[in-house]
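Letter by letter, the chains look like this.
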Amino acid sequence: MTFFALLGAIALAVFVFELTSGLQAVFSPFGRTHRLMGARSSEGDSFAPKRRSTWEAILVGIFPNRFDPEYARSYADVVGLLRRAGYPYDTPGDFYAAAVRTFGIYLALGAVWAGIMYAYGYIFAVPIVAALMIFQGLRKPYTKLKQLAKKRAELMRNNMLVGLATLGSLLASGMGVQEAMRRTASVGGPFCNLLGLLVARMEIEDLEKAFEVTRAHIPDPRDVEVNLFLRDVHDFFVYNRPLLTSVQALTDAVHRNMIDATEARAALVRQRSGLFGVLAVLGLLFSVVAPFLFA
């Protein structure tokens, strides 16, 4: 009992300290700090750190390899996922700050559920519930980031047909490749934005570096059509190979793939609707026969 009283006193002290610190930061013009911390650029330098809350500092101190951008083993993977997902977080430090908050929420929920299980006498379930909540809290931010990258990959495939058709029309009218790509980027969408990134990088970096950075921003690195398009553009600038023919052929291929995917989804819907219809009929027959079977 003394141990729980000590934990309660520590929690109350931390709460009062954070409340007063927050009020001081709100009303003091010198107390406001940046909410992000630990974001590193590609060159490895760090931005000015923010003041963490006591709760965040405790979690970062216990799990530095998970929540501290300076020591996280997953830093390179997080940077890659941020690029593929279209930067849902401004910096890696922003992602890790959100990960700390998510883990804290799941940790509090795990403590509540463990307390409920203990109060009702299910002592064996306490460590299981706590372990599941901790695992989910550690895994959730990365799962969310992967889902965002997957969703952006689907949006890119839909936007690719519009972008290729626009680019093909501009090239057919005699416009230069780089200017046509810049005009296509103004259409908007994941694929068109990728073209804008490539054009912008080509203006400030060498060609190989620009294509390397652009490939790192592809939501699905295994996307065949996008990789083929970037290879054709690269061959145009390096070997002066014609691009219009490749763009037209790739437009037809993307169009066929979209039709095939739509037909596959329609077939799946028909299959499931037929299965649900059979189950509905069986349920109706059982409801008619059941009164006579159990009479």
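Reading the values: rules and limits
- Residues numbered from 1 in each chain as written.
- Predicted model: local features only at pLDDT ≥ 70, side-chain atom pairs only at ≥ 80, totals over all residues.
- Heavy atoms only, no water.
- Patch = residues over 30% accessible without salt bridge, like charges linked within 9 Å, V, L, I, M, F, W, Y side chains within 5 Å.
- Areas by Shrake-Rupley, 256 points an atom, 1.4 Å probe, with all protein chains shown as cover.
- Salt bridge = Lys/Arg side-chain N within 4 Å of Asp/Glu carboxyl O.
- Lys, Arg positive; Asp, Glu negative; His and termini not counted.
- Charge placed at Lys NZ, Arg CZ, Asp CG, Glu CD.
- Buried < 20%, exposed > 50% of the residue type's maximum accessible area, 1.4 Å probe, protein only.
- Axes fitted to C-alpha atoms, helices over the stretch in contact; angles between N-to-C directions.
- Helix = DSSP H or I, 4+ residues; strand = E, 2+ residues; numbered from the N terminus.
- Parallel < 35°, antiparallel > 145°, perpendicular 65-115°, else oblique.
- Contact = heavy atoms within 4.5 Å.
- Nonpolar A, V, L, I, M, F, W, Y, C, P; charged D, E, K, R; others polar.
- Core = buried A, V, L, I, M, F, W, Y, C linked by side-chain atoms within 4.5 Å.

Asker: I keep staring at a positive patch on the surface and nothing clicks. Help me out?
Answerer: Taken together, the side chains of Arg139, Lys140, Lys144 and Lys146 present a region of like positive charge at the surface. You can call lysine 144 partly exposed: its relative accessible area is 43%.

Asker: What is the right way to look at the packing of helix α6 (residues 125-172) against helix α8 (residues 190-204) in this model?
Answerer: The angle between the axes and the distance between the axes are what describe a pair of packed helices. Two elements in contact, α6 and α8, have axes separated by 6 Å at closest approach and are oriented at 75°. In this view, α6 runs roughly perpendicular relative to α8, as classed from their interaxial angle. Taking contact as the criterion, the partners of Arg152, Leu155, Met156, Asn159, Met160, Gly163 and Leu164 in α6 are, on α8, Pro190, Phe191, Cys192 and Leu194. Among the residues forming the contact of α6 with α8, the class breakdown is eight nonpolar, two polar and one charged.

Asker: What is the right way to read the nonpolar core from this model?
Answerer: Considering soluble globular proteins, one finds that nonpolar side chains tend to be buried as a cluster. Judged by nonpolar contacts, the single largest core of 27 residues is most densely connected at Met160, Leu164, Met181, Leu198 and Phe229. The element that contributes the greatest number of residues to this core is α6, accounting for seven residues. Once residues within four sequence positions are removed from consideration, methionine 160 is found in contact with Phe191, Glu225, Val226, Phe229, Leu250 and Val254.

Read these as geometric descriptors, not functional statements.
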